[in-house]
Amino acid sequence: MKIAILSRDSTLYSSVRLVEAATARGHDVSVLDPTHCYMNITSMKPSIHYQGENLLGYDAVIPRIGASITFYGTAVLRQFEVMNTFVLNNSAAISRSRDKLASSQLLARKGIDLPITAFAHNPDNIEDLIDEVGGAPLVIKLVEGSQGVGVVLAETHNAAHSVIQAFMGLNANIMVQEFIKEAEGSDIRCFVLGDKVVAAMKRQGREGEFRSNLHRGGTATQVRLSPQERAAAVQAAKIMGLSVCGVDMLRSNRGPLVMEVNSSPGLEGIEKVCGKDIASLMIEFIEKNINKVSCGL
Ligand code: ADP
């Protein structure tokens with residue numbers, strides 16, 4: 001097969017591993033920076049160009065589109081879909097997953113358990129907003145944040161009030177969420193491929209830190225999931241329409257609570273922690289599913 005990896009950086013661990021795995025399985029693979037692709041979108045002769053070359057004959061695309069280039073990256077991916085190329089995650093599902101509000105609303109509507117969460121932009125009654133999620137302690141998040149930046153634990157009612165007021169001053173969209181204390185500064189990353197969780201790790205924040213992000217000094221270990229956790233991860237992926245994703249959840253007293261579904265989950269942490277060749281599993285998945293329709297249009 002001729003496979004394209006859409007990624008801005010061919011030196012990233014995930015890109016390198018996918019190239020290695022595809023090559024080892026006998027495929028012709030290249031990494032294309034989506035921001036450098038340009039397209040003819042007319043119905044007669046849709047095409048994608050890259051460095052002066054007309055990209056032809058690709059059988060499959062593995063999108064690894066960073067959040068900062070979602071708009072253009074998904075447009076390039078959509079163009080591959082127009083040209084009937086198999087895509088590992090489709091453009092519509094990726095776009096949906098990048099909208100935290102829409103994703104949470106969709107997951108909740110379909111019965112996935114989430115932490116009690118409120119969204120706000122400019123609440124005219126902060127007290128009511130705080131009451132809505134059960135009062136302090138609570139977690140306040142900037143909707144646009146990532147890697148734990150803009151995620152604040154407000155331990156008291158007054159702190160919550162001040163933080164919400166401060167974020168309002170920034171004209172930001174915020175999430176106000178019940179604090180899952182019993183997670184004890186950890187969360188679970190489930191790596192879903194198709195209808196299976198192929199690996200899972202528990203990330204633990206460093207001492208005194210409630211955020212478990214590895215970028216913030218957290219550590220990760222392989223974890224055994226309960227059947228309920230496994231089912232929740234697979235169901236969340238299915239609802240989002242993603243063949244490959246990282247489902248992040250908190251272990252709460254009332255069972256797993258899904259926080260986020262990531263459509264471009266990194267391979268480095270999960271492969272190293274779980275000692276699994278996930279890149280090859282992804283290539284195998286493409287081999288098995290190449291004839292199935294994957295269009296997000
Ligand atoms: P980001 O997407 O920026 O990583 P998250 O929403 O995943 O932000 O939050 C970062 C970390 O903070 C999570 O991985 C988790 O460890 C912790 N966390 C987030 N929300 C809650 C919550 N409601 N209760 C307890 N811990 C939380």
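Before reading further, recall that the structure is shown in the block above.
Parameters at a glance
- Residues numbered from 1 in each chain as written.
- Predicted model: local features only at pLDDT ≥ 70, side-chain atom pairs only at ≥ 80, totals over all residues.
- Heavy atoms only, no water.
- Phe/Tyr/Trp six-rings, centres within 6.5 Å; stacked < 30°, edge-to-face > 60°.
- Helix = DSSP H or I, 4+ residues; strand = E, 2+ residues; numbered from the N terminus.
- Buried < 20%, exposed > 50% of the residue type's maximum accessible area, 1.4 Å probe, protein only.
- Near = heavy atom within 4 Å.
- Polar contact = N/O pair within 3.5 Å; in protein donor to acceptor, adjacent residues only side chain to side chain.
- Areas by Shrake-Rupley, 256 points an atom, 1.4 Å probe, with all protein chains shown as cover.
- Nonpolar A, V, L, I, M, F, W, Y, C, P; charged D, E, K, R; others polar.
- Domains from an automatic or database assignment.
- Axes fitted to C-alpha atoms, helices over the stretch in contact; angles between N-to-C directions.
- Parallel < 35°, antiparallel > 145°, perpendicular 65-115°, else oblique.
- Left-handed = near helix turned anticlockwise from the far one by under 90°.
- Contact = heavy atoms within 4.5 Å.
- Pairing = 2+ DSSP bridges.
- Disulfide = S-S within 2.5 Å.

If you walk through the whole model with that rule in mind, you get 2 aromatic pairs. Taking 6.2 Å as the distance between ring centres and 85 degrees as the angle between the ring planes, the aromatic pair formed by Y58 and F80 counts as edge-to-face. With Y58 in the loop between β5 (53-54) and β6 (60-63) and F80 in helix α2 (residues 70-82), this residue pair connects regions lying 22 residues apart in the sequence. Grouping residues by exposure puts Y58 and F80 together as buried. Considering the side-chain rings of F179 and F210, the 6.0 Å spacing of their centres and the 80 degrees angle between planes classify their relative orientation as edge-to-face.

Inspection of the region around the ligand gives 19 residues, with K141, G148, E178, I180 and N213 positioned closest. I180 is positioned with one of its backbone polar atoms (N or O) 2.9 Å from a nitrogen atom of the ligand. Within the side chain of N213, one N or O atom sits 2.7 Å away from an oxygen atom of the ligand. Protein coverage of the free-state accessible area of the ligand, which is 540 Å², stands at 94%. Breaking the shell around the ligand down by element, the ones donating at least two residues are β9 (138-142), β11 (174-178) and β16 (255-262). Grouping the amino acids of the shell around the ligand by side-chain chemistry returns 7 nonpolar, 6 polar and 6 charged. The residue makeup of the shell around the ligand includes at least three contributed by each of domain 2 (117-179) and domain 3 (183-263).

Further remarks concern the packing of helix α1 (residues 13-24) against helix α9 (residues 278-289). One way to put it is that α1 packs onto α9 with a least axis distance of 8 Å and a crossing angle of 55 degrees. As judged from the angle between their axes, α1 and α9 are oblique. Classified by chirality, the crossing of α9 by α1 is right-handed. Counted together, R17, L18, A21 and A22 of α1 and A279, S280, M282 and I283 of α9 form the full contact between these two elements.

Most of strand β15 (residues 244-252) sits out of view: 8 of its 9 residues are buried. Both β15 and β16 contribute to a ladder of 7 bridges, which runs antiparallel. Within β16, the position partnered with M249 by the bridge is V258. Joining the antiparallel neighbours β15 and β16 is a turn of 2 residues.

With that settled, consider the state of the cysteines. A full pass over the atoms with the stated rule returns 0 disulfides. Note on C274: no disulfide assigned, nearest cysteine sulfur contributed by C190 at a separation of 10 Å. Residue classification places C274 among the buried positions, given a relative accessible area of 9%.

Read these as geometric descriptors, not functional statements.
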